[in-house]
Amino acid sequence: MNILFLCTHNSCRSILAEALTRHLARQSGHETPVVVASAGSSPRGFIHPLTLQYLSQWSIATDDLQSKSWDELTEFHPDVVITVCDQAAGESCPVWFGRAVKGHWGLPDPTRAGLTPTQVDTEFQLLLDVLTKRCEALLRLPQFDQAAVAAIADSYPL
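These lines cover the structure that appears in this document, whether it is placed above or below. (Residues numbered from 1 in each chain as written. Predicted model: local features only at pLDDT ≥ 70, side-chain atom pairs only at ≥ 80, totals over all residues. Heavy atoms only, no water.)

Regarding the packing of aromatic side chains
Our working rule: For Phe, Tyr and Trp, rings pair up if their centres lie within 6.5 Å, where Trp contributes its six-membered ring, and each pair is then called stacked (planes under 30 degrees apart), edge-to-face (over 60) or tilted (otherwise). Only protein chains enter the accessibility calculation, which uses a 1.4 Å probe. A residue is then buried if its area is under 20% of the maximum for its type, exposed if over 50%, and partly exposed in between. Numbering of helices and strands runs from the N terminus; a helix is a DSSP stretch of H or I covering at least four residues, while a strand is a stretch of E covering at least two.
A complete count under the given rule lists 4 aromatic pairs for this structure. Judged by centre distance (5.6 Å) and plane angle (50°), the rings of Tyr54 and Trp58 are tilted. On the basis of relative accessibility, which here comes to 6%, the residue Tyr54 falls in the buried class. For the ring pair Tyr54 and Phe124, a centre distance of 4.2 Å and an interplane angle of 5° mean the geometry is stacked. Here Tyr54, found in helix H2 (residues 49-57), pairs with Phe124, found in helix H4 (residues 117-140); they are 70 residues apart in sequence, far enough to count as distant.

In structure tokens form, the structure reads like this:
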């Protein structure tokens with residue numbers, strides 16, 4: 001099972017989803033091998049420091065994480081592609097994603113300008129809670145289809 005999370009800059013939300021899904025797949029002892037990646041259409045080239053801070057705080061591994069372009073994943077063949085920001089949702093996915101099931105899980109950016117430290121903490125905690133529920137549900141799917149992937153976001157709203 002190959003899962004790809006996309007976000008425009010690939011520095012926070014898609015990185016959180018990638019790391020958390022790997023973590024949950026390892027914890028669950030998933031029967032089918034789960035390979036998780038993330039990428040961006042216009043990557044920043046670095047992971048936001050707060051993303052790394054919170055992942056570490058939550059005891060989720062950060063090794064092998066990097067901000068990268070979806071152009072670097074031409075050899076990765078996802079079964080499902082999930083956009084996690086509204087900008088990436090409107091972009092055309094590269095053709096090599098082929099017949100992958102596509103879904104959109106819109107999430108707020110906890111690193112956006114203008115948030116107080118308390119608001120940042122609240123938003124990161126909310127993302128952890130929502131992504132945990134959504135990623136656990138994704139890993140439980142017997143097979144991917146658009147309706148099932150969309151239903152996950154509807155079942156666990158922000």
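Next comes the rest of the description.
Focus: unusual backbone geometry
A positive phi angle, near 60°, is found at Ser59, a position not held by glycine. On the secondary structure map, Ser59 appears in the loop between H2 and strand S3 (80-83). Look at Asp64: it is not a glycine, yet its phi comes out positive at around 70°. Relative to the helices and strands, Asp64 is located in the loop between H2 and S3. For Asp64, a relative accessible area of 66% corresponds to the exposed category.

Points about the pattern of salt bridges
Which entries qualify depends on this criterion: In the sections that follow, a salt bridge refers to a side-chain nitrogen of Lys or Arg positioned within 4 Å of a carboxyl oxygen of Asp or Glu.
Taken as a whole and assessed by the stated rule, the structure comprises 2 salt bridges. When the shortest N-O distance is used, the salt bridge between Glu123 and Arg112 registers 2.8 Å. Taken together, the residues Glu123 in helix H4 and Arg112 in the loop between strand S4 (101-104) and H4 connect sequence positions 11 residues apart. A relative accessible area of 36% means that Arg112 is categorised as partly exposed.

The values reported here are purely geometric and, on their own, carry no functional implication.
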